[in-house]
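# Breakdown of the fold
Chain by chain, the residues:
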Amino acid sequence: MISLLSRLLGFYKGILPPILAETPKRAVKFFTFEQYKKLLAYASLPPGLAFAVAGLGSGLTEAVVVNPFEVVKVTLQTNRNAFTEQPSSFVQAQQIIKTNGLGLQGLNKGLTATLGRHGVFNMVYFGFYFNVKNILPVNKDPNLEFLRKFGIGLVSGTIASIINIPFDVAKSRIQGPQPVPGEIKYRTCFKTMATVYKEEGFLALYKGLVPKIMRLGPGGAVMLLVYEYVYAWLQDTIDSK
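A short tour of the structure in this document, coming up. Nothing here was measured: the structure is a model prediction, and the numbers come from that model. (Residues numbered from 1 in each chain as written. Predicted model: local features only at pLDDT ≥ 70, side-chain atom pairs only at ≥ 80, totals over all residues. Heavy atoms only, no water.)

### Notes on the nonpolar core
- If you look at the biggest cluster of nonpolar residues, it comprises 18 residues, and the most contacted ones within it are Phe 30, Phe 33, Tyr 125, Phe 126, Phe 130 and Leu 224.
- Of all elements in the fold, only helix H2 (16–40), helix H3 (47–77), helix H5 (111–135), helix H6 (142–175) and helix H8 (209–239) reach the threshold of two or more residues within this core.
- Element by element, the count of residues in this core is highest for H5, at 6 residues.
- Once you skip the residues sitting within four places of it in the chain, Phe 130 turns out to touch Phe 33, Phe 51 and Tyr 227.
- With 11 residues, the next largest nonpolar core counts Ala 113, Ile 174, Met 193 and Ala 204 among its residues. (Core = buried A, V, L, I, M, F, W, Y, C linked by side-chain atoms within 4.5 Å. Buried < 20%, exposed > 50% of the residue type's maximum accessible area, 1.4 Å probe, protein only. Helix = DSSP H or I, 4+ residues; strand = E, 2+ residues; numbered from the N terminus. Contact = heavy atoms within 4.5 Å.)

The structure is reproduced here in structure tokens:
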């Protein structure tokens with residue numbers, strides 16, 4: 001019974017870092033998107049381009065916040081010890097800092113790939129959603145309008161996942177265990193992509209695409225809907241005071 005429980009808990013290795021990072025991560029994503037969008041209003045950019053650039057800015061900012069949590073998460077998930085034998089997230093973070101410091105070989109390992117992953121995703125995600133939403137006619141029926149927004153959000157999350165997954169693959173290779181212990185094979189984002197392409201082929205850059213789409217397609221739609229409706233509710237609440 002204990003052995004079975006230990007095996008089941010193994011599926012949840014590294015769960016604490018994403019839980020700790022998720023709330024600030026989403027807050028940073030949408031808050032900074034709004035701030036960059038306001039700043040870009042002074043640049044006289046076309047509205048469609050402004051949405052994409054604001055999304056890029058929010059993604060880059062989000063990546064800086066979330067990358068240390070990602071490093072700890074990946075390190076814990078690749079730990080082959082039983083769940084009950086592995087160190088806590090805090091202890092693991094301390095070990096990484098003690099061994100390799102806070103830099104690009106330590107707690108911020110793979111930062112360039114994380115910047116690419118989040119920057120590209122948010123650029124496409126926000127850019128596509130708001131541009132298409134402004135083109136397609138609004139439905140007067142609230143239920144149909146909900147489905148319209150959900151459908152656009154679903155496609156936004158799916159397309160963004162397809163475009164940014166090579167950065168995700170590079171990030172996993174850089175932050176994960178290297179093929180030969182003690183020898184660093186994957187160092188920088190684009191060099192890692194080139195190595196994967198050369199040794200494993202083009203499709204290797206799209207490993208894990210299906211589960212990623214299954215998560216971020218509908219998940220992305222839900223996030224945008226929550227953001228839109230909560231934002232509208234807050235605006236109405238503030239305006240009524």
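That covers the picture; the talk isn't over yet.
### Some thoughts on the packing of aromatic side chains
- Throughout the structure, instances matching the rule amount to 13 aromatic pairs.
- Each ring, one from Phe 202 and one from Tyr 206, has its centre 5.3 Å from the other, and the planes form 50°; the classification is tilted.
- Linked through ring pairs, Phe 30, Phe 33, Phe 51, Phe 121, Tyr 125, Phe 126, Tyr 129, Phe 130, Tyr 227 and Tyr 231 together constitute an aromatic cluster.
- For the cation-ring pair, Lys 37 lies above Phe 130, with the distance from its terminal atom to the ring centre recorded as 5.6 Å.
- A cation over an aromatic ring shows up here: Lys 149 above the ring of Tyr 229, its NZ or CZ 4.9 Å from the ring centre. (Phe/Tyr/Trp six-rings, centres within 6.5 Å; stacked < 30°, edge-to-face > 60°. Lys NZ or Arg CZ within 6 Å of the ring centre and 35° of its normal.)

### Topic: the layout of surface pockets
- Roughly 670 Å³ of internal volume is contained in the largest pocket.
- Elements represented by at least two residues in the lining of the largest pocket include exactly H2, H3, H5, H6 and H8.
- Empty space within the second largest pocket amounts to approximately 520 Å³.
- Lining the second largest pocket are 24 residues; nearest its centre among them are Asn 100, Lys 109, Gln 175, Gly 176 and Pro 177.
- Counting residues per element, the ones that place at least two in the lining of the second largest pocket are H3, helix H4 (89–100) and H6.
- Here the element with the most residues in the lining of the second largest pocket is H4; it accounts for 5 residues.
- When the residues that make up the lining of the second largest pocket are grouped by side-chain class, the tally is 9 nonpolar, 13 polar and 2 charged. (1 Å grid on protein atoms, 1.4 Å probe; cavity = no way out; pocket = protein on both sides within 12 Å on 5 of 7 lines; lining within 4 Å. Points joined across faces, edges and corners; volume = space filled by probe spheres on them. Nonpolar A, V, L, I, M, F, W, Y, C, P; charged D, E, K, R; others polar.)

### Looking at the pattern of salt bridges
- Counting across every chain of the model gives 12 salt bridges.
- Between Arg 148 and Glu 145 there is a salt bridge; the shortest N-O distance is 2.8 Å. Of the two residues, Arg 148 and Glu 145 are both situated in helix H6; the distance of 3 residues between them amounts to about one turn of the helix. The same class applies to Arg 148 as to Glu 145, namely buried.
- Salt-bridge contacts for Lys 212 lead to Asp 168; the nearest nitrogen and oxygen are separated by 2.8 Å. Within this pair, whereas Lys 212 is found in helix H8, its partner Asp 168 is found in helix H6, the two being separated by 44 residues in sequence.
- On the basis of relative accessibility, which here comes to 6%, the residue Lys 212 falls in the buried class.
- Three or more residues are tied together by salt bridges with common partners; here these are Glu 70, Lys 73, Arg 117, Asp 168, Lys 171 and Lys 212. (Salt bridge = Lys/Arg side-chain N within 4 Å of Asp/Glu carboxyl O.)

### Here's the deal with the environment of Ile 152
- Residue position: Ile 152 is located in helix H6.
- Here Ile 152 falls in the buried class, since its relative accessible area comes to 5%.
- Residues Ile 152 and Leu 224, spaced 72 residues apart in sequence, show a C-alpha to C-alpha distance of 9.6 Å.
- Setting aside anything within four residues of it in sequence, one finds Ile 152 in contact with Phe 128, Tyr 129, Val 132, Lys 133 and Leu 136.

### Notes on the environment of Ser 88
- When you line up the elements, Ser 88 lands in the loop between H3 and H4.
- Using a relative accessible area of 38% as the deciding quantity, one classes Ser 88 as partly exposed.
- The spatial distance from the C-alpha of Ser 88 to the C-alpha of Leu 76 is 8.6 Å, given a sequence separation of 12 residues.

### Considerations on the packing of H5 against H8
- Running from N to C, H5 and H8 cross one another at 60°; their axes reach a closest spacing of 12 Å. Between H5 and H8, the angle is such that the two are oblique. Once H5 is placed against H8, the crossing between them reads as right-handed. In contact with Phe 121, Tyr 125, Phe 126, Tyr 129, Phe 130 and Lys 133 of H5, H8 contributes Leu 216, Gly 220, Met 223, Leu 224, Tyr 227 and Glu 228.
- When its residues are assigned to classes, the contact of H5 with H8 shows 9 nonpolar, 1 polar and 2 charged. (Axes fitted to C-alpha atoms, helices over the stretch in contact; angles between N-to-C directions. Parallel < 35°, antiparallel > 145°, perpendicular 65-115°, else oblique. Left-handed = near helix turned anticlockwise from the far one by under 90°.)

All quantities given are derived from atomic positions and should not be read as evidence of function.
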